[in-house]
Amino acid sequence: MKAALCFSTYNKDYCLRNVLYSIARQKVDYPLYICIRDDHSDIDPEPVIREYFPNAIYERNEKQEGFDVVFGDSLKLVPEDTDVVILQSADVVHAEEYLINVLID
């Protein structure tokens, strides 16, 4: 099984490191794609994303399109061989290191 965790972001630099750290420390039993779409934040979050997930699937909009559009567009980043998709908010911190396994199970 392969899973993907997707979210969109816009000016979340105040919490992005905590979110990414909480995802990085997850203990998952299968490959996990990280798919992030940025809605043209004032500061490009790609360097922070790459610090935690060098292989993240990341795209940045050339102009701001709004939450409804970008949140849905993050799903377009999911590879075709994915079995399960977790769509989350950009400010969700996974407090326990097993939560992604629980969500998928």
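Residues numbered from 1 in each chain as written. Predicted model: local features only at pLDDT ≥ 70, side-chain atom pairs only at ≥ 80, totals over all residues. Heavy atoms only, no water.

What should I look at first to understand the sheet that holds strand β3 (residues 57-60) in this one?
Pairing between the strands of a sheet is mediated by backbone hydrogen bonds and can be parallel or antiparallel. Overall, parallel pairing links the four strands, which are arranged β3-β2-β1-β4 in an open sheet. Each having just a single partner strand, β3 and β4 (84-87) make up the two edges of the open sheet. Strand-to-strand twist in this sheet, taken as the mean axis angle between neighbours without regard to direction, amounts to 15 degrees. Pairing of strand β1 (residues 3-9) with β4 involves four bridges; the strand directions are parallel. Bridging across to β4, Leu5 finds its partner in Ile86. (Pairing = 2+ DSSP bridges. Helix = DSSP H or I, 4+ residues; strand = E, 2+ residues; numbered from the N terminus. Axes fitted to C-alpha atoms, helices over the stretch in contact; angles between N-to-C directions.)

Before we go on, may I ask you to explain the pattern of salt bridges in this structure?
Side-chain pairing between opposite charges can occur once the charged atoms of the two side chains come close. Applying the stated criterion to the full structure yields 10 salt bridges. With its nearest N and O atoms 2.8 Å apart, the salt bridge here joins Arg17 to Glu51. In this pair, Arg17 sits in helix α1 (residues 16-24) while Glu51 sits in helix α2 (residues 46-52), placing the two residues 34 residues apart along the sequence. Residue Arg17 is classed as partly exposed on the basis of its relative accessible area, which comes to 38%. With a shortest N-O distance of 2.4 Å, Arg37 and Glu59 are connected by a salt bridge. Of this pair, Arg37 sits in strand β2 (residues 32-38) while Glu59 sits in strand β3, placing them 22 residues apart in sequence. Given the relative accessible area of 37%, Glu59 is considered partly exposed. Among the charged side chains, a salt-bridge network with shared partners connects Arg25, Lys27 and Glu97. (Salt bridge = Lys/Arg side-chain N within 4 Å of Asp/Glu carboxyl O. Buried < 20%, exposed > 50% of the residue type's maximum accessible area, 1.4 Å probe, protein only.)

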